[in-house]
Structure formats: C-alpha cells, structure tokens
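One letter stands for each residue in the lines below.
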Amino acid sequence: MKFSAFCFGFFVVLCELFCACAAAVRSPLESPVYVTNSNAVYLLPPSDMGFPIDAPQMIEGAYGGKKFSFEGWTVANDSIISISLFNSIGASIGSLFYSKDSLRFESSFIDVDKIHPQYIVADFQLCYYKKDALQKIFSSKGFFFSEDSSLGIIHRVVLSQKDTIVSVVRSRDSTVLKNYLRGYEYRIHYREEN
C-alpha cells in the first residue's frame, strides 16, 4: 500500500500570486499553528508519525475559487518529513523539510517569507500522524478530535465547540483533507513508483 504526502495545494495557489527566489528556515517551535483565529497548537515531533512513507503522489485541490494539481514525492518517518513538489513537466516547484530541530521551506517560484510552512506540516500531521498524539495535542487546547475507521477508510475530524474545522478521509488509494474554516481542500492520489 502506497501512502503519500499531503497538504501543499495552498502554496501552489500562492505560486500564481508571488514570484521570488528565496528560502526560509524556522525552528519548529518558533510559530504556532492557528487552528481557529484565536486558538493555536504547536507541531508534533516526527517521532509521532503513524507509519513510514516513501512514495509519489498526484495532488489536486481548491482554494479561493481556484483549482490546481501537481506532482509530489514524500519521504516521512519517525525522524523527518521531506516533501518535493513538481509541475506537470517535472520541474521543481519547491521543497519542505521538517525534523525535530528545523523546518525549512525552499522555492524559486513562491515568496517563502509569506508562506508559513508549519501550516503545511500541521495538515500533513493531521492526515498521517498517530491518533493518540493528535488527540492529546488538540484536546489540550480545547478542541475535540476524533477518528473512526470502517472498511479500511479512516475518518478524522477536528471540532471547535460544535463547528467542524477540519476533516480528513483516508483510504487505500487517496486522502482528502477539507479545512472548512479556511476554505481549502486537497485530494491526494497515491501513485505507484515507476
């Protein structure tokens, strides 16, 4: 079973808006991830990864009325998350690297000072990290996190009060994340290695 990376549609949309050559290196603990406009969590360490990933994927998504798609390759385990993104002809769009000590996002197409890579990593973690670790971090900040599994399909949801903030549906061949508060979604199709 091939699983893949997640959560890069947001900065692909921004690629249309920004054009720069830059790199940003941040400490994973430097900035919070605001789940709502007033309540934040911090990133979990790579050691909370649910299972290892080393696979290609096709990513489709929508944000702000725009649709996008691109290719990606992810390596994720209990030490790192490394994601490389490519356009349809194989040219690099950008890369993200996350470990317990650093968070680095590089792109020659996107103004990385205006992108917050911790939000990309947070979406990835919501899709693929261990249930218990996610439940602990969200409940400590007053959110409700749940996971249900049926017939090989995993459903995850984050609620604030009674409002659904984010949902994830992960199956054998794809993952779909919808952020209802921020108005974006991703559909990740797992691909076989050539």
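Residues numbered from 1 in each chain as written. Predicted model: local features only at pLDDT ≥ 70, side-chain atom pairs only at ≥ 80, totals over all residues. Heavy atoms only, no water.

1. So, the side chain of Arg-170
Note that Arg-170 resides in strand S11 (residues 163-170). Glu-147 is the oppositely charged side chain nearest to the buried, salt-bridge-free Arg-170, at an N-O distance of 6.0 Å. Polar contacts involving the side chain of Arg-170 include one to the main-chain carbonyl oxygen of Cys-127, which spans 2.6 Å. (Helix = DSSP H or I, 4+ residues; strand = E, 2+ residues; numbered from the N terminus. Buried < 20%, exposed > 50% of the residue type's maximum accessible area, 1.4 Å probe, protein only. Lys, Arg positive; Asp, Glu negative; His and termini not counted. Salt bridge = Lys/Arg side-chain N within 4 Å of Asp/Glu carboxyl O. Polar contact = N/O pair within 3.5 Å; in protein donor to acceptor, adjacent residues only side chain to side chain.)

2. Describing the nonpolar core
Counting residues in each nonpolar core, the largest one holds 45 residues, and the members touching the most others are Phe-124 and Phe-138. The element contributing the most residues to this core is helix H2 (residues 117-128), with 7 residues. Excluding anything up to four places from it in sequence, Phe-138 contacts Val-35, Val-41, Leu-126, Phe-143, Phe-145 and Val-158. (Core = buried A, V, L, I, M, F, W, Y, C linked by side-chain atoms within 4.5 Å. Contact = heavy atoms within 4.5 Å.)

3. Considering the pattern of salt bridges
Counting across every chain of the model gives 2 salt bridges. In this structure, Glu-106 engages Arg-104 in a salt bridge whose closest nitrogen and oxygen atoms are separated by 3.7 Å.

4. Some points on the pairing of strand S7 (residues 92-98)
In this structure, strand S6 (residues 81-86) lies alongside S7, joined through 6 bridges in antiparallel fashion. What sits directly across from Ser-82, in S7, is Phe-97. Counting the residues that bridge the hairpin from S6 to S7 gives 5 residues, and of these Gly-90 lies at a positive phi of roughly 90°. In the sheet, S7 pairs with strand S8 (residues 103-107) via 4 bridges, with the strands oriented antiparallel. The residue bridging Leu-96 from the neighbouring strand is Phe-105, located in S8. Once S7 ends, the chain turns through 4 residues before running back antiparallel as S8. (Pairing = 2+ DSSP bridges.)

5. Some thoughts on the side chain of Asn-179
In this structure, Asn-179 sits in strand S12 (residues 174-179). With near-sequence residues (within four places) excluded, Asn-179 lies in contact with Ile-165, Val-166 and Tyr-184.

6. A closer look at the pairing of strand S10 (residues 153-160)
Extensive coverage of S10 is indicated by the burial of 6 of its 8 residues. Where strand S9 (residues 144-150) lies against S10, 7 bridges are found, and the strand directions are antiparallel. Its bridge partner lying in S10, Phe-145 is registered against Val-158. The turn linking S9 back onto S10 is made up of 2 residues, and Leu-151 within it adopts a positive phi angle of 55°. Where S10 and S11 come together, 7 bridges link them in antiparallel fashion. Of the residues in S11, the one forming a bridge with Val-158 is Val-166. Here S10 folds back onto S11, and the loop between the two strands holds 2 residues, one of which, Gln-161, carries a positive phi near 60°.

7. Digging into the confidence of the model for the chain
Looking at the chain, pLDDT values average 84 and 81% of them are 70 or higher. Low confidence marks residues 1-26, where pLDDT is under 50. Its contacts with residues over four positions away, or in another chain, come to 105 contacts. (pLDDT = per-residue confidence, 0-100.)

8. Structural notes on the environment of Lys-67
Mapped onto the secondary structure, Lys-67 falls in strand S5 (residues 66-76). For the pair Lys-67 and Glu-185, spaced 118 residues apart in the sequence, the C-alpha separation amounts to 9.7 Å. Among all residues touching Lys-67, those that are not within four sequence positions of it are Gly-61 and Ala-62.

9. Digging into the packing of aromatic side chains
In the structure shown here, the tally under the stated rule is 7 aromatic pairs. Consider the rings of Phe-51 and Tyr-128, whose centres lie 6.0 Å apart with planes at 90°: the pair is edge-to-face. Separated by 77 residues along the polypeptide, Phe-51 in the loop between strand S3 (40-41) and strand S4 (53-63) and Tyr-128 in helix H2 bring together distant segments of the chain. Residue Phe-51 shares its accessibility class with Tyr-128, and that shared class is buried. In textbook terms, an aromatic cluster arises when at least three aromatic residues are bridged by ring pairs, as seen for Phe-51, Phe-124 and Tyr-128. (Phe/Tyr/Trp six-rings, centres within 6.5 Å; stacked < 30°, edge-to-face > 60°.)

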